[in-house]
Amino acid sequence: MDNLPLVIASGNEGKIREFKKLLANFPFDLLRQPFGVEIEETGDTFMENARIKAIAVSQKTGNLSLADDSGLSVEALRGAPGVYSSRYANSDKERIEKLLAELKPFPNRKAKFECALCIASGEKVLIEVSGFCEGLITFSPKGENGFGYDPIFEVSGLGETFAEMDHEKKKHIGHRGNAFKLLKPELKKLLLK
Ligand code: ITT
């Protein structure tokens, strides 16, 4: 059977790397979204934004698409940065600095990563799932792996940040990996159709 083209509807290299690993055993030809695609994320939830991105890229390319909208919600900051995680500041370094500064007065360091995944074909949503990972915000960045807020997110009970883990470990316990566990059986059903 020929591989099916699947466009990863993301411009975030960190996410794309993780998806290549998660989808390695599936019969997909993974494609990048067309250069210069800018999609306005107007949703109030991660899932709404994942749908917006998946549908826009599928309509643009004529292929099946997979979009991920994800982010970090910090309890003491009443859920911020949440759906604004990528718009919180201009670079990973500045986002981390801003979050640590805003959280400084609060003893409560609890936070949660969420990842909403959506597979679309044209304007039709075929699959949507969400995954979570709970943890604590550290007082300073630790570790060199991963991307985004990984150096300041310590997974509950593990005592190490996402950036201190290898890819395999993050894949198993992270929000994207947890969403992918729910996506997997649905994807298998889709491929049988
Ligand atoms: P696309 O929309 O093109 O996929 P983006 O970076 O704008 O790329 P989002 O709107 O979903 O993606 O924003 C998610 C932000 O949340 C991302 O930029 C990171 O800062 C952060 N984030 C998401 N998943 C993460 C992870 O696994 N580790 C660290 N930070 C993460």
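Asks: How should the site of the ligand be read in this particular structure?
Replies: Of all residues adjacent to the ligand, which total 21 residues, the nearest are Ser10, Lys15, Lys53, Asp150 and Lys170. Between the ligand and Asp69, the relevant distance is 3.2 Å, taken from an oxygen atom to a side-chain nitrogen or oxygen of the residue. The separation between a nitrogen atom of the ligand and a polar side-chain atom of Asp150 is 2.5 Å. Within the complex, 91% of the 610 Å² of free accessible area of the ligand lies under protein. Looking at the shell around the ligand, the elements that each hand over two or more residues are strand E3 (64-74) and helix H5 (175-192). Take the shell around the ligand: its biggest share by element is four residues, from E3.

Asks: Even after reading the chapter, I still don't get the environment of Lys60, so can you show me in this structure?
Replies: Within the secondary structure, Lys60 sits in helix H2 (residues 46-61). Sequence spacing of Lys60 and Ala9 is 51 residues, and the spatial spacing of their C-alpha atoms is 11 Å.

Asks: Teacher, can you tell me more about the pairing of strand E1 (residues 4-8) here?
Replies: Two faces make up the sheet, and in a regular strand the side chains alternate between them. As paired strands, E1 and strand E2 (residues 28-32) are joined by five bridges and run parallel to one another. The partner of Pro5 across the bridge, within E2, is Asp29. Handedness of the β-α-β unit built from E1, helix H1 (residues 13-22) and E2 comes out right-handed.

Asks: What should I look at first to understand the packing of aromatic side chains in this one?
Replies: In this description, an aromatic ring pair is defined by two values, namely the gap between the centres and the angle between the planes. Taken as a whole and judged by the stated rule, the model has five aromatic pairs. Seen in terms of ring centroids, Phe113 and Phe153 are 4.7 Å apart; in terms of plane orientation they differ by 65°. Their pairing is edge-to-face. Of the two residues, Phe113 is situated in strand E4 (residues 110-121) and Phe153 in strand E6 (residues 153-155); the sequence distance between them amounts to 40 residues. An identical accessibility class is assigned to Phe113 and Phe153; each is buried. For the ring pair Phe153 and Phe162, a centre distance of 5.1 Å and an interplane angle of 40° mean the geometry is tilted. Across this residue pair, the class does not change: Phe153 and Phe162 are buried.

Asks: It is not clear to me how H1 should be interpreted in this structure. Could you clarify?
Replies: Each α-helix winds once per 3.6 residues, and so residues spaced three or four apart point in a common direction. Along H1, the positions that sit buried rather than exposed are Gly14, Lys15, Ile16, Glu18, Phe19 and Leu22. Between a side-chain oxygen at the N-terminus of H1 and the backbone nitrogen of Gly14 the separation is 2.9 Å; the capping residue is Asn12.

Asks: When you look at the nonpolar core in this model, what are you seeing that I'm missing?
Replies: Buried together is how nonpolar side chains tend to be arranged in soluble globular proteins. Ranked by internal contacts, the top residues of the largest apolar core, which has 21 residues, are Leu23, Phe28, Leu66, Leu117, Ile119, Leu183 and Leu187. Elements represented by at least two residues in this core include exactly E1, H1, E3, E4, strand E5 (124-137) and H5. Tallying contributions element by element places H5 first for this core, with six residues. Here Leu117 is in contact with Phe19, Met47, Leu66, Ala67, Asp68, Ile127, Glu128, Val129, Ala179, Phe180 and Leu183, once residues within four sequence places are set aside.

Asks: So what exactly am I meant to see when it comes to the pattern of salt bridges here?
Replies: The tally for this structure, following the rule as stated, stands at 15 salt bridges. Arg95 is the salt-bridge partner of Asp92, the closest N and O atoms lying 3.1 Å from each other. Highlighted residues: Asp92 and Arg95, both in helix H3 (residues 92-103), separated by three residues, approximately one helical turn. On the basis of relative accessibility, which here comes to 32%, the residue Asp92 falls in the partly exposed class. Beyond isolated ion pairs, a larger network of salt bridges with shared partners links Lys15, Glu18, Asp68, Asp150, Lys170 and Arg176.

Definitions and cut-offs
- Residues numbered from 1 in each chain as written.
- Predicted model: local features only at pLDDT ≥ 70, side-chain atom pairs only at ≥ 80, totals over all residues.
- Heavy atoms only, no water.
- Near = heavy atom within 4 Å.
- Polar contact = N/O pair within 3.5 Å; in protein donor to acceptor, adjacent residues only side chain to side chain.
- Areas by Shrake-Rupley, 256 points an atom, 1.4 Å probe, with all protein chains shown as cover.
- Helix = DSSP H or I, 4+ residues; strand = E, 2+ residues; numbered from the N terminus.
- Pairing = 2+ DSSP bridges.
- Right-handed = clockwise from strand over helix to strand, strands pointing away.
- Phe/Tyr/Trp six-rings, centres within 6.5 Å; stacked < 30°, edge-to-face > 60°.
- Buried < 20%, exposed > 50% of the residue type's maximum accessible area, 1.4 Å probe, protein only.
- Core = buried A, V, L, I, M, F, W, Y, C linked by side-chain atoms within 4.5 Å.
- Contact = heavy atoms within 4.5 Å.
- Salt bridge = Lys/Arg side-chain N within 4 Å of Asp/Glu carboxyl O.

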